Amino acid sequence: VSLTAAVSNKSFPAKFKFGTATASYQIEGAWNEDGKGENIWDRLTHTNATAVKNSDNGDVACDSYHKYKEDVRLLKHLGVKVYRFSISWSRILPTGFTNKVNQPGIQYYKNLIKELLDNGIEPMATLYHWDLPQPLQDIGGWPNELLADHFANYARVCFKAFGDSVKTWLTFNEAKQTCQQGYGSATMAPLIKSPGVADYLCTYTVLKAHAKAWHIYDDEFRGKQRGRVSTVVDSDWYEPASNSTSDMEAAETRRQFTFGLYANAIFLGNWPQVVIDRVDYRSENEGYAKSRLPKFTKQEIDYIRGTHDFMGFNTYTTSLVCKIEEPTFNETDYEFDMGSNAFQDPTWEATNSTWLKIVPWGARKFLNWIKNTYNNPEIIITENGVSDAGLLKDDARIHYYTEYLSAILEAIHTDKVHVSGYMAWSLLDNYEWLAGYTEKFGLYHVDFSSPNRTRTAKKSVDFYKKIVATHCLVDKCVTSGWSLFRV
Ligand SMILES: O=S(=O)(O)CCCN1CCN(CCO[C@@H]2O[C@H](CO)[C@@H](O)[C@H](O)[C@H]2O)CC1
């Protein structure tokens with residue numbers, strides 16, 4: 001199918017908000033400046049450097065701590081309405097605890113927020129984008145349910161310090177990566193390998209932490225500040241590898257173990273039933289005294305349910321799913337709990353990240369699944385983007401955005417999914433976790449070999465700027481309102 005045939009000629013609603021997204025550890029640098037405390041990515045990259053490609057670290061990254069005014073100039077040039085960034089917990093609370101508040105850290109984010117507002121750009125702040133203060137990891141990290149209270153106290157400090165200007169808050173970015181990769185498969189800091197055990201304990205704490213923060217905002221700040229709080233959930237879209245009943249069920253089970261594990265308690269109440277059933281069943285057969293899945297009390301279920309003002313949704317790619325024979329019970333693994341294999345069709349277009357294939361129809365299906373599963377919530381796409389090796393003539397990125405934005409337009413207009421915003425990942429090439437600086441997601445190229453960290457617009461900047469200005473992917477868009485054609 002030629003590109004043009006696939007591109008939607010519908011337009012994004014007038015009130016639709018375009019933006020870009022970044023995260024503190026990936027762009028800020030200044031890892032130990034002005035009183036900032038050590039976080040788990042500082043610890044990992046300084047003590048286990050070879051875990052990261054080329055032993056790259058975020059000590060300087062894009063140096064946005066010093067160059068944030070330049071970053072805001074780039075946002076202004078793009079014409080975006082919103083900028084999604086994350087707050088570094090250890091810059092605000094160096095030990096993670098509220099007994100030490102770091103004023104220069106508070107001031108940095110106040111300066112960034114003021115620069116955004118002075119340029120007519122709305123700040124959208126994520127409280128936690130994976131950079132846990134090391135002292136909290138030293139007491140067990142997210143599997144320690146006491147962290148729910150420490151996170152809630154940190155959230156209160158942020159609501160108080162920034163809530164007069166920040167009206168859209170996200171508690172956690174992709175808690176799945178924090179839990180399944182950080183404490184399960186050891187493919188994210190703090191690189192703990194405890195699949196099927198610590199990952200569920202992490203999720204249990206994170207859901208309670210999110211709910212406490214939401215209730216603090218609802219009880220103590222919403223009346224005065226009139227903002228909104230939610231969380232960001234991510235996953236691949238899981239498509240059955242065949243239309244056999246077993247593959248269809250396996251795909252739905254996998255959606256519940258990945259996306260549902262983080263969304264169900266907040267949008268419907270409690271863990272997904274299939275998760276409870278399968279983890280209890282396997283735990284018993286593996287000989288555990290009690291299930292590996294911690295259980296919410298009735299009060300906790302009621303406390304967590306409804307703690308959302310919209311849904312933050314990160315979508316990148318799709319995987320096929322097929323049912324597997326029930327694995328033997330002599331090994332515990334989150335993958336075995338799911339009871340399926342996920343893989344990608346080798347004919348799908350590849351990118352510079354092995355896990356990321358270009359599958360726009362998956363994004364449309366995912367949006368429809370969210371609509372049908374969680375009672376049609378307002379969805380803000382808080383991340384979507386693609387990696388390459390960093391060339392300036394990034395036609396593949398233009399292709400990716402065209403295809404995904406086209407799929408989103410169909411979801412909005414044809415499928416009536418309520419999508420209200422879209423943040424392109426990312427404004428800048430930045431630190432891509434264990435891939436270091438080898439996988440580039442930016443609309444702007446960053447020269448990491450220069451102390452200036454020079455930003456250079458890629459070809460996709462003009463492409464995205466035009467879409468932000470016209471709300472349209474083609475030259476002439478059909479608007480569904482009173483005028484048939486927008487001239
Ligand atoms: O193949 S491996 O298993 O060996 C390594 C997997 C690495 N994961 C893949 C999934 N990705 C989810 C999206 O992660 C999001 O998207 C961006 C791009 O990744 C990140 O930079 C953002 O911080 C994150 O919010 C996070 C990184």
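Sequence order as written defines residue numbering, which begins from 1 separately in each chain. With the structure being a predicted model, the display of local features is reserved for residues of pLDDT at least 70 and the display and counting of side-chain atom pairs for 80 or more, all residues being used for whole-chain, interface and lining totals. Processing note: side-chain calculations cover all non-hydrogen atoms of the structure and skip hydrogens and water entirely.

**Here's the deal with the confidence of the model for the chain**
Confidence scores labelled pLDDT are given residue by residue by the predictor and lie between 0 and 100. A residue-level look at the chain finds 97% of positions with pLDDT of 70 or above and a mean pLDDT of 96. Across residues 482–487, confidence stays below pLDDT 50; counting only partners more than four residues off in sequence or on other chains, it has 11 contacts. Our summary of model confidence lists the complex with pTM equal to 0.97 and ipTM equal to 0.94. Here, two residues are considered to be in contact whenever any of their heavy atoms come within 4.5 Å of each other.

**Quick look at the pairing of strand S1 (residues 17–21)**
The cut-offs for exposure are 20% and 50% of the maximum accessible area for each residue type, with area from a 1.4 Å probe on protein chains only; residues under the lower value are buried, those over the upper are exposed, and the others partly exposed. The numbering of helices and of strands both runs from the N terminus, where a helix is a DSSP run of H or I of at least 4 residues and a strand a run of E of at least 2. Counting buried positions along S1 gives four out of five residues, so the element sits mostly inside the fold. Strand pairing is assigned whenever DSSP identifies at least 2 bridges connecting the two strands. In this sheet, strand S11 (residues 419–425) lies alongside S1 in parallel orientation, the contact comprising five bridges. Looking at S11, one finds that Ala21 is bridged to Trp425. Bridge count for S1 against strand S2 (residues 82–86) is three bridges, and the pairing is parallel. Counterpart to Thr20 in the pairing with S2 is Tyr83.

**Looking at the packing of helix H4 (residues 64–78) against helix H6 (residues 103–118)**
Helix packing for two helices is described by the angle between their axes and how far apart those axes are. To define axes, lines are fitted to C-alpha atoms, for helices over the stretch in contact only, and angles between the resulting N-to-C directions are given on a 0 to 180 degree scale. Closest axis-to-axis distance for the H4/H6 pair is 9 Å, and the angle between their directions is 15 degrees. Comparing the axis directions of H4 and H6 gives the class roughly parallel. Relative to H6, H4 is oriented so that their crossing is right-handed. Residue-level contacts link Ser64, Tyr65, Tyr68, Lys69, Val72 and Leu75 of H4 to Pro104, Tyr108, Asn111, Leu112, Glu115 and Leu116 of H6. Each residue gets one of three labels, nonpolar for Ala, Val, Leu, Ile, Met, Phe, Trp, Tyr, Cys and Pro, charged for Asp, Glu, Lys and Arg, and polar for the others, Gly among them. Counted by class, the contact of H4 with H6 contains eight nonpolar, two polar and two charged residues. To sort the angles, those under 35 degrees are grouped as roughly parallel, those over 145 as roughly antiparallel, those from 65 to 115 as roughly perpendicular, and the leftovers as oblique. Working rule for handedness: look at the near helix, and if it is turned counterclockwise from the far one by less than a right angle, call the crossing left-handed; if clockwise, right-handed.

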